[in-house]
Amino acid sequence: MGSGMTMIPKARDRSALEQEQFLNILSREEALARFAAALFPRAIPSERRKLADALGTALAEDITAPIDVPPFDRSNVDGFAVRSADLSAAGEGAPARLALNGETIHCGIAPKLQVAVGTATPIATGGPLPRGADAVVMVEHTQPAGSDALEVRRAVSPGQFVSYAGSDIARGEALLRAGTIIGSREIGMLAACGIAEVRVARKPRVAVISTGDELVQPGEALAPAAIYDTNGAIVAAAIDENGGEAIFLGAIPDDEAKLEAAMRHALADADMLVLSGGTSKGAGDLSHRIIGRLGQPGIIAHGVALKPGKPLCLAMCDGKPVVILPGFPTSAMFTFHDVVVPALRKMAGLPPRSDTKVSATVPVRIASELGRTEFIMVSLVEGKDGLIAYPSGKGSGAITSFAQADGFLRIEALADQMPAGTGAEVTLFTPHVRVPDLVIVGSHCTGLDLVTAPLAHAGLTVRSIAVGSLGGLAAAKRGECDLAPIHLFDDESETYNAPYLAEGLELVPGWRRMQGIVFRDGDRRFEGLGAKEAVAAALADATCIMVNRNQGAGTRILIDRLLGGARPEGYWNQPRSHNAVAAAVAQHRADWGMTIAPVAHAVGLGFIPLAEEHYDFALVTARKQRPAVQAFLDALGSDEARAALERAGFRPA
Ligand code: AMP
Ligand code: MG
């Protein structure tokens, strides 16, 4: 590629460009090894921190207890400090009488008087034991005998209700070892010893830069064709989660001079630099060239056999690691956790992260690219014989898959698929499996959230996995979910859903969704027409562009019927959701399409009703009595849910 060229290559040049960019693709293991070899060993810088600021840091020194805790022999109860020998003969029938000494020992009061033979001193919980005493009697076990004496009707053993000096922590004892991560309990131990400051590993300062002309920071207005900078926020948070101190420097446009200035500024100040984006535009070449000027040895790996994450670039510039993560947030996160986190934690003096892993079965075949280690995000549900891991296949551009998935599984580079029924190890994103109370697998609808809202508020966890109507039915037949929302039209009987039910499933009526033609308000070609006339008008106008739906969608069947075999401009644009159809029309990429009324109205589009679609639930009869299923059925039938559905534009069945 010529120097200075940062244009988008023409389609046919693109593969050539990518080949050039990623000529030396390394295996994941090789890339990890080279990065580690370039980074370590290195000294872990340390600093003194006040206890209050030490939370989450790693201790850089062994700590020896400087005092005894408690510092003196101390009473554990409210009562009387006594000499146990005085009470050796005491019993129910033989009370011992002790004279009271003339002081009361509260917390923080040093005793002045000795407990002589035949005497006792009132003492509060936490009070220091006076000289002469060797035990404490609980106040409940005594009776006053006049104003200056008491009676005790039971014997006490020496040391009763006394905590001896150093019994908790002994002076000179090794309290905490270097490398310990300081949590609230460690802070408590240090505070008990009077330690106000500790030497801890200094958190690596990690500069974070997002790159891309299209990026806008959250909180700012979204211009056309712009997207919000997701990586900046998620990378910075993940750095802090793993012992670093993130310094977010914002998004820099794809401009060599600006980017170089930002990178130099970042490296001057930080221990490490993490960039994202700029690898699929030919601009990867840009950061590549800049890195070459920033210090030695420069690039260590550019192109790693990971999926997602091939464009990952690892470099070392005069002792400081520089990482360029791929632009897509999911790719950025996987490569960050897989490759950057181990190095970051080591730099922060932290032990490797201990992720929880569980075994699960994959219910469907997962295709995988040969030669790349592939990470697949999954949602877990409880099947008949253990956990089932559903791939949350939204593609590497999707961020929600990260927040909604329970974890991920790995397909090794040498496998080209994981067959349905394979047992796989799932690495959890959280320390424990969160088994949901209610599992809904099938077609998604915004109306569903309205019905499940009260369940969530009542503390029930609801997991909804969108796999389409047919996928949901299959899951229901395997008993992997409680309910499968479906909207399947049967051409033969001209009815919805019921003909698709198998044994063991029953139909729970949901709601109706009005399907119709969407157009931009004010478009004369459609206003005031019925659906059939509107489509006829659209077909008559060669400049009118449609947006279709994917094969297999219920909506697609309706569109094809209306078109009667016509293939107008836009027919091959076949997005997979109602929302995408509305977005295409709202953004003038198409002039009309078919979607459901609530979606059209939410975007402010014109809408011509055509036919009602039935969105119902295939209920797994064997799971009907589960409390969460009952709660769902109650919610579905409630006046509140019906009203909410109607407000949103649905018609409850
Ligand atoms: P790039 O490698 O810069 O071409 O980016 C690949 C894809 O990731 C493009 O669709 C970018 O818009 C997207 N992307 C890059 N950086 C970010 C970011 N910080 N937040 C969200 N998406 C991004
Ligand atoms: Mg970019």
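Residues numbered from 1 in each chain as written. Chains lettered and ligands numbered in written order. Predicted model: local features only at pLDDT ≥ 70, side-chain atom pairs only at ≥ 80, totals over all residues. Heavy atoms only, no water.

**Looking at the overall build of the protein chain**
Move 1: If you tally the helices and strands in the protein chain, you get 16 helices and 38 strands.
Move 2: On the principal axes, the C-alpha backbone points of the protein chain span a range of 115 × 65 × 45 Å.
Move 3: Long-range pairs, those at least 24 residues apart, make up 72% of the contacts in the protein chain with a sequence separation of at least 6.
Move 4: Seen as two clouds, the 62 positive and the 73 negative side-chain charges of the protein chain have centres 3 Å apart. (Helix = DSSP H or I, 4+ residues; strand = E, 2+ residues; numbered from the N terminus. Contact = heavy atoms within 4.5 Å. Lys, Arg positive; Asp, Glu negative; His and termini not counted. Charge placed at Lys NZ, Arg CZ, Asp CG, Glu CD.)

**A short note on the sheet that holds strand β13 (residues 205-211)**
Strand pairing in a sheet relies on backbone hydrogen bonds. The paired strands run either parallel or antiparallel.
Move 1: If you trace the six strands from one edge of the open sheet to the other, you get β16-β13-β17-β21-β20-β18, paired in mixed fashion. Strands with a single pairing partner mark the edges of an open sheet, and in this sheet they are β16 (245-252) and β18 (297-302). When strand polarity is set aside, the average angle formed by the axes of neighbouring strands in this sheet is 15°.
Move 2: Sheet contacts for helix α2 (residues 28-39): β18, β20 (313-317) and β21 (320-325); angle to β20, the most-contacted strand, approximately 15°. (Pairing = 2+ DSSP bridges. Axes fitted to C-alpha atoms, helices over the stretch in contact; angles between N-to-C directions.)

**Observations concerning the domain arrangement of the protein chain**
Move 1: By the assigned domains, the protein chain splits into domain 1 (11-42 + 203-347), domain 2 (46-67 + 170-201), domain 3 (74-163), domain 4 (357-428) and domain 5 (448-461 + 472-653).
Move 2: Averaged C-alpha coordinates put domain 2 and domain 5 at centres separated by 59 Å. (Domains from an automatic or database assignment.)

**Describing the packing of aromatic side chains**
Move 1: Tallied over the entire structure, the rule returns twelve aromatic pairs.
Move 2: Ring geometry for Phe 375 versus Phe 408: centroids 5.6 Å apart, planes at 85°, classification edge-to-face. Of this pair, Phe 375 sits in strand β24 (residues 373-383) while Phe 408 sits in strand β26 (residues 407-411), and the two are 33 residues apart along the sequence. The burial state of Phe 375 is the same as that of Phe 408; both residues are buried. (Phe/Tyr/Trp six-rings, centres within 6.5 Å; stacked < 30°, edge-to-face > 60°. Buried < 20%, exposed > 50% of the residue type's maximum accessible area, 1.4 Å probe, protein only.)

**Thoughts on the pairing of strand β22 (residues 357-361)**
Move 1: Every second residue of β22 is oriented toward a common face, the buried set being Val 358 and Ala 360 and the non-buried set Lys 357, Ser 359 and Thr 361.
Move 2: The pairing of β22 with strand β28 (residues 423-428) spans five bridges and is antiparallel. Paired with Val 358 across the strands is Val 426, a residue of β28.

**Things to note about the pattern of salt bridges**
Pairing of side chains with opposite charge becomes possible as their charged atoms draw close.
Move 1: Applying the stated criterion to the full structure yields 34 salt bridges.
Move 2: Of the charged contacts in the structure, one is a salt bridge between Arg 353 and Asp 355, with a shortest N-O distance of 3.1 Å.
Move 3: Taken together, the shared-partner salt bridges connect Glu 256, Glu 260, Arg 264, Arg 289 and Arg 293 into one network. (Salt bridge = Lys/Arg side-chain N within 4 Å of Asp/Glu carboxyl O.)

**Observations regarding the packing of helix α15 (residues 627-637) against helix α16 (residues 639-647)**
Move 1: Where α15 contacts α16, the two axes come as close as 4 Å, and the packing angle between them is 60°. By the criterion of interaxial angle, the relationship of α15 to α16 is oblique. On α16, the residues that touch Ala 635, Leu 636 and Gly 637 of α15 are Asp 639, Ala 641 and Arg 642.
Move 2: Here the residues of the contact of α15 with α16 are counted per class, giving three nonpolar, one polar and two charged. (Parallel < 35°, antiparallel > 145°, perpendicular 65-115°, else oblique. Nonpolar A, V, L, I, M, F, W, Y, C, P; charged D, E, K, R; others polar.)

**Topic: the sheet that holds strand β8 (residues 142-144)**
Move 1: The strand order β7-β4-β6-β5-β9-β8 describes an open sheet built from six strands, whose pairing is mixed. Two strands in the sheet have a free side with no partner beyond their single neighbour: β7 (135-138) and β8. Each neighbouring strand pair of the sheet contributes to a mean axis angle of 40°, computed without reference to strand direction.

**Here's the deal with α16**
Three- or four-residue spacings in an α-helix give side chains the same orientation, since the helix completes a turn every 3.6 residues.
Move 1: The set of residues buried in α16 consists of Ala 641, Ala 644 and Leu 645. Along the long axis of α16, the arc covered by the buried residues comes to 100°, so they all point the same way. The exposed set on the far side of α16, more than 90 degrees from its buried face, consists of Asp 639, Glu 646 and Arg 647.
Move 2: The secondary structure elements touched by the buried residues of α16 are α9 (446-457), β34 (505-519), α15 and β38 (651-652).
Move 3: Downstream of α16 by a residue or two, Gly 649 has a phi angle that is positive, lying close to 100°. (Arc of directions from axis to C-beta.)

**Considerations on the nonpolar core**
Move 1: Counting 35 residues, the largest nonpolar core has Phe 35, Leu 325 and Phe 336 as its most contacted members.
Move 2: Ranked by residue count, the leading element in this core is helix α7 (residues 329-347), at ten residues.
Move 3: Two domains each provide a minimum of three residues to this core, namely domain 1 (11-42 + 203-347) and domain 4 (357-428).
Move 4: Sequence-distant contacts of Phe 35, defined by excluding residues within four places in its chain, comprise Ile 300, Leu 314, Ala 315, Met 316, Pro 321, Val 323, Val 339 and Ala 343.
Move 5: Counting residues in hydrophobic clusters, the runner-up holds 33 residues, among them Leu 438, Val 451, Leu 483 and Val 508. (Core = buried A, V, L, I, M, F, W, Y, C linked by side-chain atoms within 4.5 Å.)

**Some points on the environment of His 578**
Move 1: With respect to the helices, strands and loops of the structure, His 578 is situated in helix α13 (residues 578-586).
Move 2: Discounting residues that sit within four places of it in the chain, His 578 has contacts with Arg 513, Gln 515, Arg 549, Thr 555, Thr 595, Ile 596, Val 599 and Glu 613.

**Observations concerning unusual backbone geometry**
Move 1: Of note, the bond from Phe 40 into Pro 41 is cis; its omega dihedral lies within 30 degrees of zero at 0°.
Move 2: In this model, Val 69 is joined to Pro 70 through a cis peptide bond whose omega is -10°.
Move 3: Looking at the secondary structure, you find Pro 70 in the loop between β2 (63-64) and β3 (74-75).
Move 4: For Phe 161, which is not glycine, the phi dihedral falls at a positive 60°.
Move 5: Among the structural elements, Phe 161 can be located in the loop between β9 (149-152) and β10 (162-163).
Move 6: For Phe 161, a relative accessible area of 29% puts it in the partly exposed group.

**Some words on the side chain of Asp 616**
Move 1: Tracing the sequence through the fold places Asp 616 in strand β37 (residues 606-620).
Move 2: In this structure Asp 616 comes out as buried when scored by relative accessible area, which is 3%.
Move 3: A polar atom in the side chain of Asp 616 sits 2.9 Å from the side chain of Asn 497.
Move 4: In terms of polar contacts, Asp 616 uses its side chain to reach the backbone amide nitrogen of Gly 510, at 2.9 Å.
Move 5: Those residues in contact with Asp 616 that sit more than four places away from it in its chain are Ala 484, Pro 485, Ile 486, Asn 497, Leu 507, Val 508, Pro 509, Gly 510, Trp 511 and Arg 512. (Polar contact = N/O pair within 3.5 Å; in protein donor to acceptor, adjacent residues only side chain to side chain.)

**Some details on the confidence of the model for the protein chain**
Move 1: On average, residues of the protein chain score 91 in pLDDT, and 94% of them reach the 70 mark or higher.
Move 2: Between residues 1-20, whose pLDDT stays under 50, and residues either more than four places distant or in other chains, the model counts 16 contacts. (pLDDT = per-residue confidence, 0-100.)

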